[in-house]
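Descriptive analysis of the structure
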Amino acid sequence: RRKVDSEGRRFQDRWKVEYFFTEIENHCVCLICQETVAVYKEFNVKRHYQSRHSTYDKLTGHDRSEKLKQLEAVLIECVMKMVENICPEKKQEFANICLARNTVARRIEEISSDIKRQLTSKGVDFDFFSIACDESTDLSDTAQLLIFMRGVDDEMNVTEELLDLQSLTDQTRGKDLFVSVSSAIDDMKLPWNKVTGIITDGAPAMVGERSGLSTLICNKVIEEGGKAIKLHCIIHQQVLCAKHLKYDHVMKPVLKTINFIRSKALCHRQFKQFLLDIQAEYEDVLYHNDVRWLSRGSALQRFYSLRKEIGEFLETKGQPMRELSDPIWLADLGFLVDITKHLNVLNTSLQGKDAAVNQLYSHLKAFGTKLQLFIRQLSQTQPNTIHFSALQEIMNSFPQDNISAQTSRYAADIASLAGEFKWRFQDFAAIEKEISLFSSPFSVDPDDAPDQLQLELIELHCDSELRSRHQQLSLVNFYRQLDKSRFQEIRTLAKKMLSLFGSTYMCEKTFSAMNFNKNRVRTRLSDSHLRDILCIKT
């Protein structure tokens, strides 16, 4: 005999609007009379609606959707009143229960739609805006292009939001990305001549000189009568600079040892128990993942801290690590630990939402000055290793091995690193004058300023009250209080600089959220729902 339960019938979303039915606890319930239909079968649902509620046929389109929302609200209210009378102590628990999984999806769609509506209304007031773009592939092999927008209105209010998530099912060439970005900007009805810049992760499709996304965007802006600058994410460039110090003779033995300990379960358990027995400072070594920005420094620091314990454990396994008895190699390890630590501090300071480009560039210039200090201190006849604690510890442990003679080599490596930083950040150096004029207007000589700013800058310098405000207020509030008619050009420069992204940090953070939501057990999540989720998440 045929069994209904084995047929796998499911509630259809369209029955809500067509027949005013919903799903509650695996039951098909009429929203009008609250009666249930025994089987998830359209014939049964339709017959109930036509025989009892056919008067609702006159409702169509928007009116019908609004009626559906009213009926659902009424049903929730009835349930809550019933709960309040029967078991009031459970009222909050029932209030947190959704009618069905489709209700959650619908609410997410509505919230996302409302956020987009708000962003569109704000976009009308933008004087300038820039975009940040990054592309990654999700678990279903769909290329997802994230487009963030940072806009500034006449009152210096900064808005940084997700503009769109474009799903690419074909190629991801520069012109394909350009079509997606153009679609997102045009849908928001944002004028192209207000675009001040675009920042990307530096991939070839993004920064190609002829057909890269950045080039095509800038050309489009010029056609519309504006001017935009191309920037390479300051964090990505910092990570590339950090890789300039390869030190393979140190990294390869370290990674080989970490993999030997952690790759086999038995060996890993024994190592952790060994550390526990001797009450070591840490309870395990850390894996190094080249994709994670701070991974290298963390893995090196942990290995250095446990170097003696690791040496003893490897001896018991018959796999001695000879490098741990070589003072020169240990000095190289200490130097690499220290310089990577400094690089990680810089990387961390560059992360975060709503960071203005002048703040990020100041961190970068400060690090460049620190590198010059390190070079001078390590090049001395009696090298000063006060800022290299691990190297100093090794030098104190092996005083007879004349490790200080190696510091000139370390100074040369730092000089090479400083050169790499200078070469990679040419795009930010090109706008250094504008950044300085924006962040320190009272320190810039009017003769060195652009022609259209010189007279206003002189007025600014001669106003002692404004000079006092600049010292007391935040930079945004200072420019917000400037007279609009008296300092029009200076305010325009401030709005352009405030609208610029300094990094694609928000893109990277959102990709982490994307991988968390569209994971191995949720690969069927549609692109539109993924877009709605990330819109709310950000």
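Residues numbered from 1 in each chain as written. Predicted model: local features only at pLDDT ≥ 70, side-chain atom pairs only at ≥ 80, totals over all residues. Heavy atoms only, no water.

Per an unreviewed UniProt entry, the protein chain goes by the name SPIN-DOC-like zinc-finger domain-containing protein and belongs to Pelodiscus sinensis.

1. Section: the overall build of the protein chain
Secondary structure assignment for the protein chain yields 25 helices and eight strands. Whereas a compact globule of 538 residues would reach a radius of gyration of roughly 24 Å, the protein chain reaches 31 Å, over 25% beyond that. If you line up the protein chain on its principal axes, its C-alpha atoms span 100 × 75 × 50 Å. Per-residue burial for the protein chain yields a buried fraction of 45% across its 538 residues. (Helix = DSSP H or I, 4+ residues; strand = E, 2+ residues; numbered from the N terminus. Rg over C-alpha atoms; globule rule 2.2 N^0.38 Å. Buried < 20%, exposed > 50% of the residue type's maximum accessible area, 1.4 Å probe, protein only.)

2. Considering the pattern of salt bridges
Tallied over the full model, the rule gives 28 salt bridges. The partner of Arg150 in a salt bridge is Glu160, with the nearest N and O atoms 2.6 Å apart. You can see Arg150 sitting in strand 5 (residues 143-153) and its partner Glu160 sitting in strand 6 (residues 158-168), a full 10 residues away along the chain. The two residues Arg150 and Glu160 agree in class, both being buried. A salt bridge links Arg262 to Asp284; the nearest nitrogen and oxygen atoms lie 3.8 Å apart. Residue Arg262 is found in helix 10 (residues 248-263), and its partner Asp284 is found in the loop between helix 11 (265-277) and helix 12 (295-305); the two are separated by 22 residues along the sequence. Residue Arg262 is classed as partly exposed on the basis of its relative accessible area of 24%. (Salt bridge = Lys/Arg side-chain N within 4 Å of Asp/Glu carboxyl O.)

3. Focus: the UniProt feature "domain: SPIN-DOC-like zinc-finger" (unreviewed entry) in the protein chain
Here, the residues flagged by UniProt with the feature "domain: SPIN-DOC-like zinc-finger" (unreviewed entry) are residues 12-70. This span, residues 12-70, is 46% helix and 17% strand, and a straight line between its end C-alpha atoms measures 20 Å. (UniProt positions renumbered as here; feature names shortened; annotations may be inferred.)

4. Some details on the domain arrangement of the protein chain
Interfaces are often sized by the accessible area lost when the parts come together. Segmenting the protein chain into domains produces domain 1 (13-87), domain 2 (107-233 + 520-529), domain 3 (240-428) and domain 4 (444-497). If you average the C-alpha positions of domain 2 and of domain 3, the two centres end up 37 Å apart. Opposite the five residues of domain 2 that make contact, domain 3 presents seven residues. Carbon and sulfur atoms make up 52% of the area that domain 2 and domain 3 hide from each other, which totals about 550 Å². Of all residues in domain 2, Glu160, Leu231 and His232 bury the most surface against domain 3, accounting for 67% of the area lost on that side. At the boundary of domain 2 with domain 3, the tally comes to zero salt bridges. Per-element tally for the side of domain 2 that touches domain 3: the top contributor is strand 8 (residues 229-232), with three residues. Of the residues assigned to the side of domain 2 that touches domain 3, the class counts are one nonpolar, one polar and three charged. (Domains from an automatic or database assignment. Contact = heavy atoms within 4.5 Å. Buried area = accessible area lost by both parts, 1.4 Å probe. Nonpolar A, V, L, I, M, F, W, Y, C, P; charged D, E, K, R; others polar.)

5. Examining the UniProt feature "domain: HAT C-terminal dimerisation" (unreviewed entry) in the protein chain
Mapped onto the present numbering, the UniProt feature "domain: HAT C-terminal dimerisation" (unreviewed entry) falls at residues 470-537. Across residues 470-537 one finds 65% helix and 0% strand; the C-alpha atoms that close the span lie 35 Å apart.

6. Brief notes about helix 8 (residues 213-223)
Of the positions making up helix 8, those classed as buried are Leu213, Ser214, Thr215, Leu216, Ile217, Cys218 and Val221. The inward-facing, buried residues of helix 8 abut strand 4 (126-137), helix 6 (174-187), strand 7 (195-200), helix 7 (204-207) and strand 8. Positive backbone phi, approximately 95°, marks Gly225, located one or two places after helix 8.

7. Concerning the packing of aromatic side chains
As enumerated under the stated definition, the model contains 19 aromatic pairs in all. The interplanar angle of 45° and the centroid separation of 5.9 Å between the aromatic rings of Phe274 and Phe313 together place this pair among those described as tilted. Of this pair, Phe274 sits in helix 11 while Phe313 sits in helix 13 (residues 307-316), and the two are 39 residues apart along the sequence. Of the two residues examined, Phe274 and Phe313, each falls in the buried class. Through pairs of rings, three or more aromatic residues link up here, namely Tyr247, Phe335, Phe374, Phe388 and Tyr410. (Phe/Tyr/Trp six-rings, centres within 6.5 Å; stacked < 30°, edge-to-face > 60°.)

8. Looking at the sheet that holds strand 3 (residues 36-37)
Pairing is antiparallel in the open sheet, where three strands are placed in the order 1-2-3. Strand pairing shows two members of the sheet lacking a second neighbour, strand 1 (21-24) and strand 3, which therefore form its edges. In this structure, strand 1 lies alongside strand 2 (residues 27-30), joined through four bridges in antiparallel fashion. What sits directly across from Phe21, in strand 2, is Cys30. (Pairing = 2+ DSSP bridges.)

9. Re the packing of helix 24 (residues 505-517) against helix 25 (residues 527-537)
Think of two packed helices as two axes; the pair is described by the angle between the axes and how far apart they sit. It is at 10 Å that the axes of helix 24 and helix 25 come closest, and there the two elements cross at 130°. Here helix 25 runs oblique to helix 24, going by the angle between their axes. Of the two elements, helix 24 crosses helix 25, and the hand of that crossing is right-handed. From helix 24, Thr510, Ala513, Met514 and Asn517 reach across to helix 25, where they touch Leu530, Ile533, Leu534 and Lys537. Looking at the contact of helix 24 with helix 25, its residues break down into five nonpolar, two polar and one charged. (Axes fitted to C-alpha atoms, helices over the stretch in contact; angles between N-to-C directions. Parallel < 35°, antiparallel > 145°, perpendicular 65-115°, else oblique. Left-handed = near helix turned anticlockwise from the far one by under 90°.)

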